[in-house]
Amino acid sequence: MQPNSLTMFNRRQLRIKVLQTLYAFHSDKDGSVEEAHKLLLKALDKTFDLYLLLLMLIGEMQDAAIERIEAGRMKQQPTHEDLHPNTKFVNNKPLRVIIKSKLLAKEAANRSLGWGQEQDLIKRLFKSLVSSDEYSAYMNNEERGFQHDRESLNRMFRKHIVNDESLQEWIEEQSILWSDDLDLASSIVLKTVKTINEDSEDVILSEMWKEDGDDREFLEHLFSRTLAMGAEHDKAIEEAASNWDIERIATMDLLLLRMALAEARTFESVPLKVTINEYIDLAKFYSTEKSGAFVNGVLDKLFGAMREDGRIVKTGRGLIE
């Protein structure tokens, strides 16, 4: 791993990926655990692909800018502006590092990624960018410092490029997995650009995993243990939710409860307070309006009982009683 490198996924994002995969597995009655596991890893890989494509897209904007300048010079009756174009964007220093990145080019080639077949989309995006307030403010500003270039590039990406409707429509068409990943991939692009400095000869690409492997292990164990302990936990959930039959519990709520119980019993160093808060938040976002309170009540009851009978054991600091 390179010094000061980024990592793609945090624990919450890994929980979300497991939840989405379990939901797909639950919905596909003919699917196997092995297929679900492959889907989980594919989902993570596709998120990384989107990150690389968005980073490359910034570079594509420079190519479009150069093409626009050349087209102006080739006019039969070029204007003064055509003959003396503003090249500030083309010469943006962090942008040039991205364009020349050998690491990015190599990773994209390994994954067969590129924008070569989407030149119409690139032209639309650049035309729209040129008409934006962010682009105009940058081009008309006489400041020429590196930090100014970097901040402006990130601002144009954040406020305009990634929010362009045509790009978002294209992303939805390319992968069902990407719509939910756009915010995450975009945030890693912004962090990547921020790591570029005046001495940079190449970009520092995000890593998928931390070097210690803990997050990869967390993902694998959370997924496998949730499935393996599902039947046992369903009985406990039904008893704790005394007014609800297991069939009446919303599918998403049931999956969240299964995951939370598996996490609490598998990872001794993860505080119960962290686990319960994470799954309450996920319930509020991915399930019904009342799911947060429901998940909170069931987990609070089960966590207490399982600590008493020894099914949940915690080690380390920061654990709730």
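As the structure is a computational prediction, the values presented were derived from the model and not from experiment.

**Student:** Could you clarify how one ought to interpret the packing of helix H12 (residues 230-240) against helix H15 (residues 291-308) in this entry?
**Tutor:** A pair of packed helices is characterised by two quantities: the angle between their axes and the separation of those axes. Running from N to C, H12 and H15 cross one another at 115°; their axes reach a closest spacing of 9 Å. Note on packing geometry: the crossing formed by H12 with H15 is right-handed. Along its contact with H12, which presents His233, Ala236, Ile237, Glu239 and Ala240, the element H15 presents Val298, Lys301, Leu302 and Met306. For the contact of H12 with H15, the per-class residue count stands at six nonpolar, one polar and two charged.

**Student:** What is the right way to read the layout of surface pockets from this model?
**Tutor:** Vacant regions in the atomic arrangement are exposed by a probe of water-molecule size rolled over the atoms. There is about 400 Å³ of room inside the largest pocket. Lining the largest pocket are 19 residues, and of these Arg68, Glu81, Pro85, Asn86 and Tyr135 lie nearest its centre. Broken down by element, the lining of the largest pocket gets its largest block of residues, six residues, from helix H2 (residues 33-73). Residues belonging to the lining of the largest pocket are distributed by class as follows: ten nonpolar, four polar and five charged. If you add up the space inside the second largest pocket, you get close to 330 Å³. Lining the second largest pocket are 15 residues, and of these Ile16, Asp180, Asp183, Phe285 and Tyr286 lie nearest its centre.

**Student:** Help me understand the nonpolar core in this model?
**Tutor:** A general trend in soluble globular proteins is that nonpolar side chains are found buried together. In this structure, Tyr51 and Phe89 are the most contacted members of the largest nonpolar core, which totals 100 residues. With 17 residues, the top contributor of residues to this core is H2. In this structure Tyr51 touches Met8, Ala185, Ile188, Val189, Thr192, Ile204, Leu205 and Ser206, once residues within four positions along its chain are discounted.

**Student:** Just to check I follow, could you spell out the pattern of salt bridges for this structure?
**Tutor:** Pairing is possible between side chains that carry opposite charge, provided their charged atoms lie close to one another. Here the structure, examined in full by the defined rule, presents 15 salt bridges. One salt bridge connects Lys123 with Glu67, and the closest N-O pair in it is separated by 3.9 Å. Taken together, the residues Lys123 in helix H6 (residues 119-130) and Glu67 in helix H2 connect sequence positions 56 residues apart. The exposure class of Glu67 is partly exposed, given its relative accessible area of 43%. Put simply, Arg12, Arg15, Glu263, Glu278 and Asp281 are held in one network by salt bridges that share partners.

**Student:** Sorry if this is basic, but what is going on with the packing of aromatic side chains here?
**Tutor:** For any two aromatic rings, the description comes down to two numbers: the centre-to-centre distance and the angle of the planes. Enumeration according to the criterion identifies nine aromatic pairs in this entry. Relative to Tyr286, the ring of Phe285 has its centre 4.8 Å away and its plane inclined at 70°; by these criteria the two rings are edge-to-face. Chaining the aromatic ring pairs together yields one cluster made of Phe89, Phe126 and Tyr135. Over the face of the ring belonging to Phe218 we find Arg11, whose NZ or CZ atom lies 4.3 Å from the ring centre.

**Student:** Teacher, can you tell me more about helix H10 (residues 182-194) here?
**Tutor:** Owing to its 3.6 residues per turn, the α-helix brings residues three or four apart onto one side. For H10, which comprises 13 residues, the first-to-last C-alpha distance of 18 Å matches the rise-based estimate of 18 Å (1.5 Å per residue) to within 8%. Within H10 the residues assigned to the buried category are Leu182, Leu184, Ala185, Ser186, Ile188, Val189, Leu190, Thr192 and Val193. Turning to H10, the residues buried within the fold contact helix H1 (11-27), H2, helix H4 (93-99), helix H8 (146-161) and helix H9 (165-174).

**Student:** Is there a simple way to explain a negative patch on the surface in this structure?
**Tutor:** On the surface, Glu165, Glu169, Glu172 and Glu173 cluster together into a patch of negative charge. The exposed category is assigned to Glu173, whose relative accessible area is 62%.

**Student:** What is the right way to look at the side chain of Asp234 in this model?
**Tutor:** Structurally, Asp234 can be placed in helix H12. Owing to a relative accessible area of 17%, Asp234 belongs among the buried residues under this scheme. Side chain to side chain, Asp234 and Arg258 meet in a polar contact 2.7 Å long. If sequence neighbours within four positions are ignored, Asp234 has contacts with Ile246, Leu254 and Arg258.

**Student:** So what exactly am I meant to see when it comes to a positive patch on the surface here?
**Tutor:** On the surface, Arg155, Arg158, Lys159, Lys191 and Lys194 cluster together into a positively charged patch. Listing elements by their share of the positive patch, those giving two or more residues are H8 and H10. Ranked by residues supplied to the positive patch, first place goes to H8 with three residues. Inspection of the secondary structure assignment puts Lys159 in helix H8.

Basis of the calculations
- Residues numbered from 1 in each chain as written.
- Predicted model: local features only at pLDDT ≥ 70, side-chain atom pairs only at ≥ 80, totals over all residues.
- Heavy atoms only, no water.
- Axes fitted to C-alpha atoms, helices over the stretch in contact; angles between N-to-C directions.
- Helix = DSSP H or I, 4+ residues; strand = E, 2+ residues; numbered from the N terminus.
- Left-handed = near helix turned anticlockwise from the far one by under 90°.
- Contact = heavy atoms within 4.5 Å.
- Nonpolar A, V, L, I, M, F, W, Y, C, P; charged D, E, K, R; others polar.
- 1 Å grid on protein atoms, 1.4 Å probe; cavity = no way out; pocket = protein on both sides within 12 Å on 5 of 7 lines; lining within 4 Å.
- Points joined across faces, edges and corners; volume = space filled by probe spheres on them.
- Core = buried A, V, L, I, M, F, W, Y, C linked by side-chain atoms within 4.5 Å.
- Buried < 20%, exposed > 50% of the residue type's maximum accessible area, 1.4 Å probe, protein only.
- Salt bridge = Lys/Arg side-chain N within 4 Å of Asp/Glu carboxyl O.
- Phe/Tyr/Trp six-rings, centres within 6.5 Å; stacked < 30°, edge-to-face > 60°.
- Lys NZ or Arg CZ within 6 Å of the ring centre and 35° of its normal.
- Expected span 1.5 Å × (residues − 1).
- Patch = residues over 30% accessible without salt bridge, like charges linked within 9 Å, V, L, I, M, F, W, Y side chains within 5 Å.
- Areas by Shrake-Rupley, 256 points an atom, 1.4 Å probe, with all protein chains shown as cover.
- Lys, Arg positive; Asp, Glu negative; His and termini not counted.
- Charge placed at Lys NZ, Arg CZ, Asp CG, Glu CD.
- Polar contact = N/O pair within 3.5 Å; in protein donor to acceptor, adjacent residues only side chain to side chain.

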